[in-house]
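Structure assessment
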2 protein chains.
Amino acid sequence: MSPEARDVLVGNAAGAAAQRANNRLRLAVIDRDPGFMQVLSNRLDALGWDLRGLSSAVTVDALVSMRLNALVVDLAVLGPGSWEYLERVCGRLPGLAVIVCTGPSSVAQRVRGLRLGADAWMTKPCHAEELICVIEAAIRRHRRNEMPQIEESTSVGQITIRPDLYQAYADGASLELTAREFEILHLLSQSDRVLRREEIYERVWGYAMAHGDRSVDVFVRKLRQKLRTASPAWSYIHTHFGVGYRFAPELDGGEEPLHEVRDVPGDDGHEAEFVAALVG
Amino acid sequence: MSPEARDVLVGNAAGAAAQRANNRLRLAVIDRDPGFMQVLSNRLDALGWDLRGLSSAVTVDALVSMRLNALVVDLAVLGPGSWEYLERVCGRLPGLAVIVCTGPSSVAQRVRGLRLGADAWMTKPCHAEELICVIEAAIRRHRRNEMPQIEESTSVGQITIRPDLYQAYADGASLELTAREFEILHLLSQSDRVLRREEIYERVWGYAMAHGDRSVDVFVRKLRQKLRTASPAWSYIHTHFGVGYRFAPELDGGEEPLHEVRDVPGDDGHEAEFVAALVG
DNA sequence: TTTGCATGTGAAGATCCTGTAACCAGGTGC
DNA sequence: GCACCTGGTTACAGGATCTTCACATGCAAA
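In every chain, residue numbers begin from 1 and rise along the written sequence. Just so you know, chain letters begin at A and ligand numbers begin at 1, following the order they were written in. Whole-chain, interface and lining totals are the exception, using all residues; otherwise, since this is a predicted model, local features are given only for residues with pLDDT of at least 70 and side-chain atom pairs are given and counted only at 80 or more.

**Focus: the overall build of chain A**
Going by this rule: Secondary structure elements are defined from DSSP: runs of H or I of at least 4 residues count as helices, runs of E of at least 2 residues count as strands, and each element is numbered from the N terminus. Placing C-beta atoms from the backbone, we regard two residues as in contact once those atoms come within 7 Å.
Helix and strand counts for chain A come out as 11 helices and 12 strands. Within chain A, contacts between residues separated by at least 24 positions form 58% of all contacts whose residues are at least 6 apart in sequence.

What follows is the structure, encoded as structure tokens:
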């Protein structure tokens, strides 16, 4: 691996790419112009954003519960009390990117809006692409300063995955995963579906997998080994022959929760033998 | 070293922290319009900002050494290569607020500028007050996040960190940390998670880390040395191979006390019993 | 069942990462 | 000028990790 590629891995791919994949950007727009919303919606769909259209102001608490990355608002829709609303929203949600996108305005109005906490002011009519860029720029800045990314620890089966520590634990004991092992486990654990090797490789390594590369298999083996040691009664990573791997904590021998029954029976049989050996 | 001498040193040497200390926003403007600069200068003087006027592009390194909070640039002054310059600046100084303030432009140009990393785009002629608001909006989060770092002294393990004195102590005795050393220790001590080298560098030095730069490692070594001397029974900075460093005071030899593993032992314990019953 | 792939496994060598120390440059005080 | 300090760079060694390869095993189609 080239030094550059390695750098990309550590610097961006592992964190950013994987997260972006699962964490779509969430945006709400308070506006009543159907044409404007339509254009915006089309464009954002293509980008994979999660757009929420609102035809009038909602409570700050409602905004909080939407867990937005950004809010676009037309002050005209808010009517009187719009300044107070803006101030309340910006004050209450310092991590939210707020963009005012409204009709013609005076310098004084724009200054007021920005001083109240808005991140940008766009004047309608405006090009959707430009608005999106402005939103992106605002989010970018927020993200940058809001270090604590959404790195919540999650528990699946018997193990706990802690992105903040780059490590997984079972019963309080570290699995002693290496950085790459952890990245793969983390990626797998964030998705229910089967992931193709190429997909795993590309997301973790940051570039395309060479034909015939077995690295993913080898890492899955190491992961399984450490998982089995730490949590012997469970199986976590399942092979889908000819496809790839799927993460799902399952209690061996026990009736696994009814997922898609396209499971490979081999694994179950094998593990059943393992348990049987224990019992006998 | 006397407190006075230390203050002087800090004023000279440090990056972000020093800016916080004297609480003065530093702004550079690359523009050739004397009237524009005059108006801006008057207004910013009143606000107590530190304005630096530049009549042409300067090297990125020069910008780095200015320790800026924000940069306003007229693309017309840069001429050909302005896009590349913009990209270079934004890439190298992710913490810098970059505002393009230039004459009439197309949507495509504005989109391009914002995509390259600019935080905002103002079209000349514009009102100085509005421009200042836009700059403030771009800087806002950065500052707001750094301000509340109230200079509270904290004690971890056997050492006490005193941001107000730019020094750490063990058992009343100073560790004799240099400014950089202290900043790194301070940063690390404020976070429980693993910090990547790039992250540490960016937050302490104020700009992006060059590939292959080992400065962080070297400073960590110096820190460890001083920490070991002052508090031999503890280890504070832990290496996460392939990732970065994590701060956590731990007593050597003894099991470290705090591992807030947010497991849900209830279910796990139950399942374990279930299996045990099977096996037994 | 046999055959052709796909996947699991183990180990060795290549590669990368980190700790360490020595070194240089710029600044400061004497 | 000179000595000293601090920040930053570089080279090297040892260890940790990753990749690769050969071979064993498992799966599915014929």
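Once the structure has been displayed, the description carries forward.
**Quick look at the sheet that holds strand 7 (residues 159–162) of chain B**
All names here are of chain B. Selection criterion: By definition, two strands form a pair when at least two bridges between them are found by DSSP.
The strand order across the open sheet built from 4 strands is 6-7-8-9, with neighbouring strands paired in antiparallel fashion. The open sheet is flanked by strand 6 (154–156) and strand 9 (173–174), the only strands paired with a single partner. When strand 8 (residues 167–170) meets strand 9, the two strands line up antiparallel, connected through 2 bridges. Across the sheet, the residue bridging to A170 is A173, located in strand 9.

**Looking at the confidence of the model for chain A**
All names here are of chain A. The test is simple: The score called pLDDT rates the predictor's confidence residue by residue, from a low of 0 to a high of 100.
Per-residue confidence for chain A gives a mean pLDDT of 83; residues scoring 70 or more make up 79%. Low pLDDT (under 50) marks residues 1–22, which in the prediction has 25 contacts with non-local residues, meaning those over four places away or in another chain. Scored below 50 in pLDDT, residues 256–280 makes 21 contacts in the model with residues more than four places away or belonging to other chains.

**Describing the environment of D33(A)**
Here D33(A) lies in the loop between strand 1 (26–30) and helix 2 (34–47). As a C-alpha pair, D33(A) and S55(A) span 22 residues in sequence and 8.8 Å in three-dimensional space.

**A look at the packing of helix 8 (residues 179–189) of chain A against helix 9 (residues 197–205) of chain A**
Packed helix pairs are characterised by how far apart their axes lie and by the angle those axes make with each other. Residue and element names in this part refer to chain A. As a reminder of what qualifies: Angular values range over 0 to 180 degrees, each being the angle between N-to-C directions of two axes fitted as lines to C-alpha atoms, with helices fitted over their stretch in contact. Roughly parallel here means an angle under 35 degrees, roughly antiparallel means over 145, roughly perpendicular means 65 to 115, and every remaining angle is called oblique. By the definition used in this description, the sense in which the near helix is turned from the far one sets the handedness, with an anticlockwise turn below a right angle giving left-handed and a clockwise turn giving right-handed.
The N-to-C vectors of helix 8 and helix 9 enclose an angle of 125°; their axes lie 10 Å apart at closest approach. Classed by the angle they form, the pair helix 8 and helix 9 counts as oblique. The handedness of the crossing between helix 8 and helix 9 comes out as right-handed. Residue-level inspection shows R180, E183, I184 and L187 of helix 8 in contact with helix 9, the latter providing I200, R203 and V204.

**A short note on the nonpolar core**
This is how the line gets drawn: Defined on buried residues, the nonpolar core groups Ala, Val, Leu, Ile, Met, Phe, Trp, Tyr and Cys residues joined through C-beta atoms within 7 Å. Remark: C-beta atoms are placed from the backbone, and a residue is labelled buried if 20 or more other C-beta atoms sit within 10 Å of its own, exposed if 12 or fewer do, or partly exposed between those counts.
Core analysis: the largest hydrophobic core is formed by 126 residues, its most contacted members being I99(A), I135(A), A70(B), L71(B), I99(B), A118(B) and I135(B). If one sorts the elements of this core by residue count, helix 8 (residues 128–146) of chain B sits on top with 8 residues. Those residues in contact with L71(B) that lie beyond four places of it in its chain are A28(B), L63(B), V89(B), L96(B) and V98(B).

**Examining helix 3 (residues 34–47) of chain B**
As a reminder of what qualifies: For a helix, the expected span equals 1.5 Å multiplied by the number of residues minus one.
Along its 14 residues, helix 3 of chain B runs 20 Å from first to last C-alpha, staying within 8% of the 20 Å computed at 1.5 Å per residue. Of the residues trailing helix 3 of chain B, G48(B) is marked for its positive phi of about 80°.

**Some details on the pairing of strand 8 of chain B**
As a general feature of sheets, a regular strand has side chains that alternate between the two faces. All names here are of chain B. Judged from the 4 bridges that link them, strand 7 and strand 8 form a sheet pairing that is antiparallel. The partner of I159 across the bridge, within strand 8, is A170. Hairpin remark: strand 8 followed by strand 9, antiparallel, with 2 residues in the connecting loop; positive phi at D171, about 60°.

**Focus on the sheet that holds strand 8 (residues 167–170) of chain A**
Taken in spatial order, the 4 strands of this open sheet run 6-7-8-9 (chain A), and their pairing is antiparallel. At either end of the open sheet lies a strand with only one pairing partner, and these are strand 6 (154–156) and strand 9 (173–174) of chain A.

**Points about the pairing of strand 7 of chain B**
All names here are of chain B. Burial along strand 7 is one-sided: I159 and I161 are buried, and none of T160 and R162, which face the opposite way, are. Taken together, the 3 bridges between strand 6 and strand 7 define a ladder with antiparallel strand orientation. Residue pairing for strand 7: S155 is matched across the bridge by T160. Adjacent in sequence and paired antiparallel, strand 6 and strand 7 are bridged by 2 residues, among which G157 carries a positive phi angle near 60°.

**Details of unusual backbone geometry**
Most peptide bonds take the trans form, and the phi angle of most residues other than glycine is negative. In this chain, K124(A) is followed by P125(A) through a cis amide linkage whose omega measures -5°. Located in the positive-phi region is D171(A), a residue other than glycine, with phi close to 60°. Looking at D171(A), the number of C-beta atoms within 10 Å reads 15, which means it is partly exposed. The phi dihedral of R67(B) is positive, around 55°, even though this residue is not glycine.

**What about helix 7 (residues 107–115) of chain B?**
All names here are of chain B. Let me state the cut-off plainly: The arc in question is traced by the directions running from the helix axis to the C-beta atoms.
Those residues of helix 7 that sit buried are R110, G113 and L114. Seen along its axis, helix 7 keeps its buried residues to an arc of 95°; they face one direction. At the exit of helix 7 stands G117, carrying a positive phi of roughly 125°.

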